[in-house]
Amino acid sequence: MLKKRIIASLLFSKGRLVKTTRFENGRDVGDALSTARIYDDQSIDEIVLLAIDKGFIWDETSLNLVEKISQRCFSPFSVGGGIRTFEQARALFDRGADKVVLNNTLFSDPGVTTEIASVYGSQA
């Protein structure tokens, strides 16, 4: 029998966590690092950080956040949103992400998925 897993999905917009309705009308709900720490302390099964801003680009500030969360939290950590190239995925893996979440890239450039899987494995 499959074990039920609890996965926290943290929606990230303009440097803060937001609560949305269908990814619209987001309202600020706090700091991503603090929230991830709380979930990790409660032994959650996985943490997913999703950047939901249209045209989001992983800059140094947001990559540093990924690194801080990965250093503090020991739950599996997935990161997604705005990942369009292998280099962007590699930057997230280098900062501590265990997995990357792809969406539009799967359709616009399926070769990126193959490249990521060949280097990091299909589970990533």
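Rules and cut-offs
Residues numbered from 1 in each chain as written. Predicted model: local features only at pLDDT ≥ 70, side-chain atom pairs only at ≥ 80, totals over all residues. Heavy atoms only, no water. Helix = DSSP H or I, 4+ residues; strand = E, 2+ residues; numbered from the N terminus. Polar contact = N/O pair within 3.5 Å; in protein donor to acceptor, adjacent residues only side chain to side chain. Contact = heavy atoms within 4.5 Å. Axes fitted to C-alpha atoms, helices over the stretch in contact; angles between N-to-C directions. Parallel < 35°, antiparallel > 145°, perpendicular 65-115°, else oblique. Left-handed = near helix turned anticlockwise from the far one by under 90°. Nonpolar A, V, L, I, M, F, W, Y, C, P; charged D, E, K, R; others polar.

Draft legend 1. Expanded view of the side chain of S70. Here S70 lies in helix α2 (residues 60-72). Looking at S70, its side chain comes within polar contact range of the main-chain oxygen of R95, at 2.9 Å. Those residues in contact with S70, other than ones at most four positions away along the chain, are F77, R95 and G96.

Draft legend 2. Spotlight on the packing of helix α1 (residues 32-41) against α2. Between α1 and α2, the least distance of the axes is 10 Å, while the angle of their chain directions is 20°. By the criterion of interaxial angle, the relationship of α1 to α2 is roughly parallel. Relative to α2, the crossing made by α1 is right-handed. Within the contact between the two elements, α1 uses A32, L33, A36, R37, D40 and D41 and α2 uses L65, K68, I69 and R72.

Draft legend 3. Spatial organisation of the packing of helix α3 (residues 86-94) against helix α5 (residues 110-120). At a closest axis distance of 9 Å, the pairing of α3 and α5 adopts a crossing angle of 35°. Here α3 runs over α5; the crossing is right-handed. Here F86, A89, R90, F93 and D94 of α3 come into contact with α5, specifically with V112, E115, I116, V119 and Y120. Class assignment of the residues belonging to the contact of α3 with α5 gives a composition of seven nonpolar, no polar and three charged.

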